[in-house]
Amino acid sequence: MFTQDSIDHIGEQLNHHLGQISAILFFLMGAMTIVELVDAYQGFKIITDRINTRNPKKLLWIICTVTFFLSAILDNLTTSIVMISLIRKLVPNKDMRLFFAGMIVIAANAGGAWSPIGDVTTTMLWIGGQISSGNIMLTLFLPSVICMVIPLIYLQFTLKGELGSYDTEPKINQGNGDHGAYSNQPVKGSTTMLILGVGGLVSVPVFKTITHLPPYLGMLLALGVLWVVSELINPDMDESEKRPYTAAGALTRIDVPSVLFFLGILLAVSALESMEILHHFSIWLDESIGDQRIIITLIGILSSIVDNVPLVAASMGMYDMSVYYQDHLVWEYLAYCAGTGGSILIIGSAAGVAVMGMEKIDFIWYVKRISLLAILGYFAGGIVYLIIQPYLAVH
Amino acid sequence: METLVIIVFVIGYIAIALEHPIKINKTASALLAGVICWTLFVLSEPSAAVTDSASYGSFLEILKVELGDKFNALSSGELYREFVTTELSHHLSSIAQILFFLMGAMTIVELVDAHHGFRFITDRIKTKNPKTLLWIICWVSFFLSAVLDNLTTTIVMLSLVRKLIPDKEMRLFFAGMIVIAANAGGAWTPIGDVTTTMLWIGGQISTGNIMVTLFLPSVACMLIPLIYLNFTLKGTLGDTTENDNKSHDNVVRSGNLMLILGVGALVFVPIFKTLTHMPPYTGILLGLGFLWVVSELINPELDEAVKKNYTVAGALARIDVPSVLFFLGILLAVGALESMQVLHHLASWLDHAIGDQRIIVTLIGLLSAIVDNVPLVAASMGMYNMDVYYQDHMVWEYLAYCAGTGGSILIIGSAAGVAAMGIEKIDFIWYLKKISLLALLGYSAGAIIYLIIQPYLAVHPPVH
């Protein structure tokens, strides 16, 4: 049934996919650890102390705007992780916090779509030469803003409830016994750790630009530096006291099951990709529909079910660069759709999966409360893009 | 630039060895060393050592086919950078295989442990005599490792001694001997150890012959340290803390089932590999997924919070993730040295400077205590031509022995050692002081025995 050749070929494909998947996973582990470490030093308190509003709607606008622009610089995943840890402090009310988490996913995906380093699919198109950085920022900025603002305006009128308050004891990480034990005692170095942590995350794209090495290496470098600092910053503490404040301690608190979940689901998708099922599907789409704008809109919606990276990779193979030149409508619209369409389902984007892991958002809850908003935003942004595109088009 | 990378590697290595005096966790040093090595590599000017190598040549061939006309537009600097990232992703995928395998195996063992599964075995070993126990444990490790891979063997045996030997100091000696026994046991069978497997798959050695010639040397490699400890080992196994046995007795009754499933999942990995030709980590993830489902369903009467401790999610929270990242860092660093052809040059330099293969192969074994033995054996396989060094030639057999057992000399020299370091928190320096010399004695004894018996068992060159 199998020849040696086909076994070799499958093994090679699997190796190739594993390399890509583990690049994402180690990146994720590094980012989660850095955020967890800054959190242990109460670094985010410096930011949260500055946000004084107790008005949920106002806070939602602030959080979404910050997420949007942060995600344009950092990747969506890191942005969501940072912002989720922020709202954990600011919004004690669990129900209210889920809405914030949902909006963070939408804002992070929208913010990532319009900058070449903000989102892995936009980056793929950028590196492949399908889009240029100036042009993509110009054409997709407005659609991306719309994609976030429409759900936000809707919630402005419908959001009800309070932010809630923590009781006397602000125990932040429910279910993490060792976390509460030290969260009340101030530890020195929180400003240093915040600066180093955020600096470490921001340095990742810089590192990538200088060295052309994959982002996970930059993340591991940042983690290594923070690890050393975390070991040396409190020389007066003894070993066991110090442990929760070191990266080794932070690593025990990160969500390893989510990492393995990611591994499993990405391996499954890559099997579909290697069996050419995705490729055949896009060819079938092309034959039965024809109009690229509709196809790409559908690809965006599809990206809420399957990973957007193989979808974009398949699309890049589907359309020839000699016909569809740089900054052609197909590529720009693809960057928008694949970047923001994932918000429609919680499992549709890396940001969503991370939020699901951190905030225990239920799949069904998201479908009921957020999906419709995300679809509205997605289409609004898409329409805006198709309207403004002729005026900004490159010939 | 090679020199600079080697210096970074050595400094990183020293920082890892001196983890405690300098108070910096070894994982941090390893990660920094790994990333800095690659950064220097990619930022360096294209060096002749790399661009003249065979792997660079085949990389260009493949890229030429892939890119077509665009290939000629690339400058040599861009090609070089592309080569470095390709090499890196190649290394990452082989490293990730080891790491996910390790994570899977650690989680399964942790899960069986949470269900008190190992009590089924530990209850049956009645001896309280440390020396008798050491002999039993070593022989079991030796033969288990001949069938399973060294890593799995070590993990299973370590979780056993954890239950049998409450005394921490005594347990460290057992852990050290398990590493030696697992490595020795793996060397003489084609499926016992990854380097022997490589030589077997490559056709350098044949199944029957390697087992006949290497069995005695491998036994000697383990026996010498064992006999030494038989006379010098002092102390008791320590007392089992009674409350440990009682506290969870009533909570879960699934110990035996979990033990069978857990060990079954580990043993299943090589079977899965043989049937499907899929890499071992997929087999262990399959086993882990299966155990995960069972662990969620097995105690329906427990509520969420209590059950969490007995599920894989709970077990994952207890595994040693820093060790996984340590492995990642150090393997990345070694990968950089390999891709820069430093290892390869070292091997060919050895060949020129020394000449006698027996000495070179012995040195390769010693070297495998510092760097990963897989790239070493891979480099050696490229160094010696199969036309001259025919199947079952002394060079290959001796290489299988040396690369398989030499890694025991330092705790970081073998996958088994690294796993032991992760699970038992064995200190690099402690191992160096208490075990390294024993391992070196065993290594040399086995080597001498091999070189003595080899002429009587030698295969003669095929007649043309």
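As the structure is a prediction and not an experimental result, all values here were calculated from the model.

A tally of helices and strands in chain A yields 20 helices and 0 strands. A compact globule built from 395 residues should have a C-alpha radius of gyration of about 21 Å, and chain A, at 21 Å, falls within 12% of that. Of all 395 residues assigned to chain A, the portion counted as buried reaches 49%. Nonlocal contacts in chain A, meaning residues at least 24 apart in sequence, comprise 80% of its contacts between residues at least 6 apart.

Helices and strands together make up the secondary structure of chain B, namely 25 helices and 0 strands. For the C-alpha atoms alone, the extent of chain B along its principal axes is close to 70 × 55 × 50 Å. With 464 residues in all, chain B has 48% of them scored as buried. Excluding contacts between residues fewer than 6 apart, the proportion of contacts in chain B whose partners are at least 24 apart in sequence is 81%.

Here we come to the confidence of the model for chain A. Predicted confidence across chain A gives a mean pLDDT of 82, with 91% of residues reaching 70 or more. Ignoring residues within four places in sequence, the model shows residues 168-184 of chain A, a span with pLDDT below 50, making 11 contacts including any to other chains.

Residue and element names in this part refer to chain A. The end-to-end C-alpha separation of helix 7 (residues 133-158) is 37 Å, in line with the 38 Å expected for 26 residues at 1.5 Å each. When the local axis directions of helix 7 are compared, the greatest deviation, roughly 40 degrees, occurs at Leu 140, which is followed within four positions by the proline Pro 143. For helix 7, the full list of buried residues reads Ile 136, Thr 139, Leu 140, Pro 143, Ser 144, Cys 147, Met 148, Val 149, Ile 150, Pro 151, Leu 152 and Leu 155.

Moving on, we get to unusual backbone geometry. Excluding glycine, residues mostly have negative phi values, and the peptide bonds linking residues are mostly trans. All names here are of chain A. With a phi angle near 65 degrees, His 212 is a residue other than glycine that sits in the positive phi range. Inspection of the secondary structure puts His 212 in the loop between helix 9 (190-211) and helix 10 (215-232). The class of His 212 is partly exposed, set by 15 C-beta atoms lying within 10 Å. A positive phi angle is found at Lys 360, which is not glycine, with a value near 50 degrees.

With 263 residues, the main nonpolar core has Ile 104 of chain A together with Leu 102, Ile 178 and Ala 420 of chain B as its most contacted residues. Setting aside chain neighbours within four positions, we find Ile 178 of chain B in contact with Ile 137, Ser 141, Thr 154, Met 157, Leu 158 and Ala 420 of chain B.

Moving on, we come to helix 13 (residues 256-274) of chain A. Residue and element names in this part refer to chain A. With 19 residues, helix 13 should reach 27 Å at 1.5 Å per residue; the first-to-last C-alpha distance of 27 Å fits that figure. Among all positions of helix 13, only Val 256, Ser 258, Val 259, Leu 260, Leu 263, Leu 266, Ser 270 and Glu 273 are buried. Count one or two residues on from helix 13 and you reach Glu 276, which has phi positive near 70 degrees.

Attention now moves to the packing of helix 9 of chain A against helix 10 of chain A. Residues and elements named next belong to chain A. Where helix 9 meets helix 10, the closest approach of the two axes is 8 Å, and the angle between their N-to-C directions is 150 degrees. Judged on the interaxial angle alone, helix 10 and helix 9 are roughly antiparallel. Crossing of helix 9 over helix 10 shows right-handed handedness. Where helix 9 abuts helix 10, its residues Leu 196, Gly 197, Gly 200, Leu 201, Ser 203, Val 204, Phe 207 and Lys 208 lie against Pro 215, Gly 218, Met 219, Leu 221, Ala 222, Val 225, Leu 226 and Val 229. Here the residues of the contact of helix 9 with helix 10 sort into 11 nonpolar, 4 polar and 1 charged.

Tallying the contact residues gives 29 residues for chain B and 29 residues for chain A. Within the residue set of the side of chain B that touches chain A, elements represented by two or more residues are helix 3 (26-43), helix 6 (76-114), helix 17 (312-318) and helix 18 (321-339) of chain B. Considering only residue class, the side of chain B that touches chain A consists of 19 nonpolar, 8 polar and 2 charged.

Rules of the game
- Residues numbered from 1 in each chain as written.
- Chains lettered and ligands numbered in written order.
- Predicted model: local features only at pLDDT ≥ 70, side-chain atom pairs only at ≥ 80, totals over all residues.
- Helix = DSSP H or I, 4+ residues; strand = E, 2+ residues; numbered from the N terminus.
- Rg over C-alpha atoms; globule rule 2.2 N^0.38 Å.
- Buried ≥ 20, exposed ≤ 12 C-beta atoms within 10 Å, placed from the backbone.
- Contact = placed C-beta atoms within 7 Å.
- pLDDT = per-residue confidence, 0-100.
- Expected span 1.5 Å × (residues − 1).
- Bend = angle between axes of the 7 residues up to and from the residue.
- Core = buried A, V, L, I, M, F, W, Y, C linked by C-beta atoms within 7 Å.
- Axes fitted to C-alpha atoms, helices over the stretch in contact; angles between N-to-C directions.
- Parallel < 35°, antiparallel > 145°, perpendicular 65-115°, else oblique.
- Left-handed = near helix turned anticlockwise from the far one by under 90°.
- Nonpolar A, V, L, I, M, F, W, Y, C, P; charged D, E, K, R; others polar.

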